[in-house]
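Descriptive structure summary
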Amino acid sequence: PEQQIIVIDGSTIGNFASGRAKGLVVPGFQVPLEDLEADAVDHEGYCDTSIPAVLDSIISFLFSEPPAPKYTKQIVRDMYDMTYEALDRLRHIVHRYEID
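To keep things clear, this report deals only with the structure shown in the data block.

Section: the overall build of the protein chain
Each helix and strand counted, the protein chain has 3 helices and 0 strands in total. In the protein chain, the succession of helices and strands from N to C terminus is α-α-α. Each of the 100 residues in the protein chain was classed as buried or not, and the buried ones make up 19%. For the protein chain, the exposed area adds up to about 8,200 Å²; of that, 55% sits on carbon and sulfur atoms.

In structure tokens form, the structure reads like this:
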């Protein structure tokens, strides 16, 4: 069954309980970009180079022995750039909704 979550604040969104998490927003990955690029492959016909496959490789790298690289340097750079785009989007939302 589908569940719904409701967040109730005493004033504006993020003003009370829902805004008290001390989360950090940091672009990039825990693995340095240079390390990911060094492990990348840049030839045709090599496994899955989709973003989900790259994310799976990063998770495997962080929590176990690194698997053989399944991504290209371009995929690594694109994903790294996407983390900065996400940060820009978050800044826009914070500004638009006057979240401080």
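Here we look at the packing of helix H2 (residues 51-63) against helix H3 (residues 73-96)
As a packed pair, H2 and H3 sit with axes 11 Å apart at the nearest point and diverge in direction by 85 degrees. The angle between the axes of H2 and H3 places the two elements in the roughly perpendicular class. Of the residues in H3, those in contact with Ile-51, Val-54, Leu-55 and Ile-58 of H2 are Ile-75, Met-79 and Met-82. For the contact of H2 with H3, the per-class residue count stands at 7 nonpolar, no polar and no charged.

A word on the packing of aromatic side chains
Taken as a whole and assessed by the stated rule, the structure comprises 2 aromatic pairs. Between Phe-29 and Tyr-80, the ring centres sit 6.4 Å apart and the planes meet at 55 degrees, which makes this aromatic pair tilted. Here Phe-29 is found in the segment before helix H1 (33-39), whereas its partner Tyr-80 is found in helix H3, with 51 residues between them in sequence. Relative to Tyr-84, the ring of Tyr-80 has its centre 5.5 Å away and its plane inclined at 55 degrees; by these criteria the two rings are tilted. Taken together, the residues Tyr-80 and Tyr-84, both in helix H3 and 4 residues apart, mark about one turn of the helix. Among the aromatic residues, ring-to-ring pairing joins Phe-29, Tyr-80 and Tyr-84 into one connected group.

Comments concerning a nonpolar patch on the surface
On the surface, Val-25, Leu-90, Ile-93, Val-94, Tyr-97 and Ile-99 cluster together to form a nonpolar patch covering roughly 500 Å² of accessible area. Turning to its location among the elements, Leu-90 is positioned in helix H3.

Analysis parameters
Residues numbered from 1 in each chain as written. Predicted model: local features only at pLDDT ≥ 70, side-chain atom pairs only at ≥ 80, totals over all residues. Heavy atoms only, no water. Helix = DSSP H or I, 4+ residues; strand = E, 2+ residues; numbered from the N terminus. Buried < 20%, exposed > 50% of the residue type's maximum accessible area, 1.4 Å probe, protein only. Areas by Shrake-Rupley, 256 points an atom, 1.4 Å probe, with all protein chains shown as cover. Axes fitted to C-alpha atoms, helices over the stretch in contact; angles between N-to-C directions. Parallel < 35°, antiparallel > 145°, perpendicular 65-115°, else oblique. Contact = heavy atoms within 4.5 Å. Nonpolar A, V, L, I, M, F, W, Y, C, P; charged D, E, K, R; others polar. Phe/Tyr/Trp six-rings, centres within 6.5 Å; stacked < 30°, edge-to-face > 60°. Patch = residues over 30% accessible without salt bridge, like charges linked within 9 Å, V, L, I, M, F, W, Y side chains within 5 Å. Salt bridge = Lys/Arg side-chain N within 4 Å of Asp/Glu carboxyl O.

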